[in-house]
Amino acid sequence: MASRREWSPVAQEYGPLKAGSIDGTDLELHDFAIVRAMTAKVVLPRHVNGNTERTVFIARLSLNTDEEMLEGVFSRYGVIKSCNLVRDIVTGFSKRYAFIEYEHEREARRAARDADKLMLDERQIFADMECGRSMQGWVPWRLGGGFGGKKESGQLRFGGKDRPFKKPIVLAREAEEKGYQREERYDRYSKDTDRHREFKRDSGQDRSYERKREACRRDDYRREGADRTDDSDRTSTRKRKRYDDEKYAKSYHLHQKDFKKEKD
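Below, the structure is looked at part by part. Just so it is clear, the model here is predicted, and its values are computed rather than measured.

1. Things to note about the packing of aromatic side chains
Considering all chains together, one arrives at seven aromatic pairs under this definition. Plain terms: the ring middles of Phe-57 and Tyr-97 are 6.0 Å apart, the flat faces sit at 50° to each other, and that makes the pair tilted. Highlighted residues: Phe-57 in strand β1 (residues 55-59) and Tyr-97 in strand β3 (residues 94-102), separated in sequence by 40 residues. Each residue in the set Tyr-14, Trp-138 and Phe-147 is aromatic and connected to the rest through ring pairs, giving one cluster.

Below you can see the structure in the form of structure tokens.
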């Protein structure tokens with residue numbers, strides 16, 4: 001059984017039976033093209049040359065797209081060394097795919113990344129690095145291999161950039177179980193964290209409550225002090241007023257006595 005680390009959504013080497021499986025684990029044939037691909041002998045054309053690490057494969061082109069248009073669009077990604085639009089030998093019509101070689105590998109990889117699903121001549125094109133010479137065991141589409149395709153064609157292939165493998169059920173279950181374990185660990189950690197937060201919050205609330213009580217005590221003490229000060233001020237004011245009244249009364253009586261003496 002393949003481990004989770006060995007599994008990859010994109011095939012590292014080509015196998016017709018593996019490419020015909022949605023998750024790359026089936027052992028039964030799905031169509032007759034797989035049999036043809038398994039028994040085919042692939043011979044590369046003699047005129048095919050160039051560095052495969054700097055070559056970009058372009059597919060799903062329009063019938064009206066020519067080399068000049070391709071060079072004009074793909075020259076924005078770097079210096080083009082060669083542009084080969086594959087044509088039919090008899091009719092000369094385009095087979096709707098091409099190979100573009102760049103001067104540097106980084107330019108080719110940039111074109112394969114940015115030009116994928118680009119609209120060119122009213123068609124959404126497909127761009128990827130060349131697989132014919134770089135991938136071990138490669139079988140082209142015309143011999144029952146390749147990547148992508150449609151379900152209606154009866155030749156549906158997985159493991160490529162356009163249609164990667166889906167995760168096998170066993171690995172998916174393992175991932176779910178590990179995910180559940182991580183969730184349980186996270187739940188335990190979160191519970192402990194919540195308890196710690198509650199403890200800190202409760203202790204903080206207790207401290208804040210004590211601070212509020214202490215502030216209230218200080219306010220009460222200040223208020224009582226102010227009240228005592230007011231009472232003392234009132235008392236002294238009353239005493240002062242009484243003293244003034246008594247003083248005025250004495251002076252009034254003395255004045256009355258002096259007035260009577262003068263009258264007599």
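2. Brief notes about the pattern of salt bridges
Under the counting rule described, the total for this entry stands at eight salt bridges. For Arg-54, the salt bridge identified is with Glu-101, shortest N-O distance 3.9 Å. Within this pair, whereas Arg-54 is found in the loop between α2 (32-39) and β1, its partner Glu-101 is found in strand β3, the two being separated by 47 residues in sequence. Note that Glu-67 and Arg-87 form a salt bridge whose closest N and O atoms lie 3.2 Å from each other. On the criterion of sequence distance, the pair formed by Glu-67 in helix α3 (residues 67-74) and Arg-87 in strand β2 (residues 80-87) is long-range, its members being 20 residues apart. Relative accessible area serves as the criterion here: at 25%, Glu-67 is assigned to the partly exposed category.

3. Looking at the nonpolar core
By size, the foremost hydrophobic cluster in this structure holds 20 residues, and its most contacted members are Val-56, Ile-58, Leu-61, Leu-70, Phe-74, Ile-100 and Tyr-102. The set of elements that each furnish at least two residues to this core consists of β1, α3, β2, β3, α4 (105-114) and β6 (126-129).

Rules used in this analysis
Residues numbered from 1 in each chain as written. Predicted model: local features only at pLDDT ≥ 70, side-chain atom pairs only at ≥ 80, totals over all residues. Heavy atoms only, no water. Phe/Tyr/Trp six-rings, centres within 6.5 Å; stacked < 30°, edge-to-face > 60°. Helix = DSSP H or I, 4+ residues; strand = E, 2+ residues; numbered from the N terminus. Salt bridge = Lys/Arg side-chain N within 4 Å of Asp/Glu carboxyl O. Buried < 20%, exposed > 50% of the residue type's maximum accessible area, 1.4 Å probe, protein only. Core = buried A, V, L, I, M, F, W, Y, C linked by side-chain atoms within 4.5 Å.

The quantities given are spatial measurements derived from coordinates; they are silent on function.
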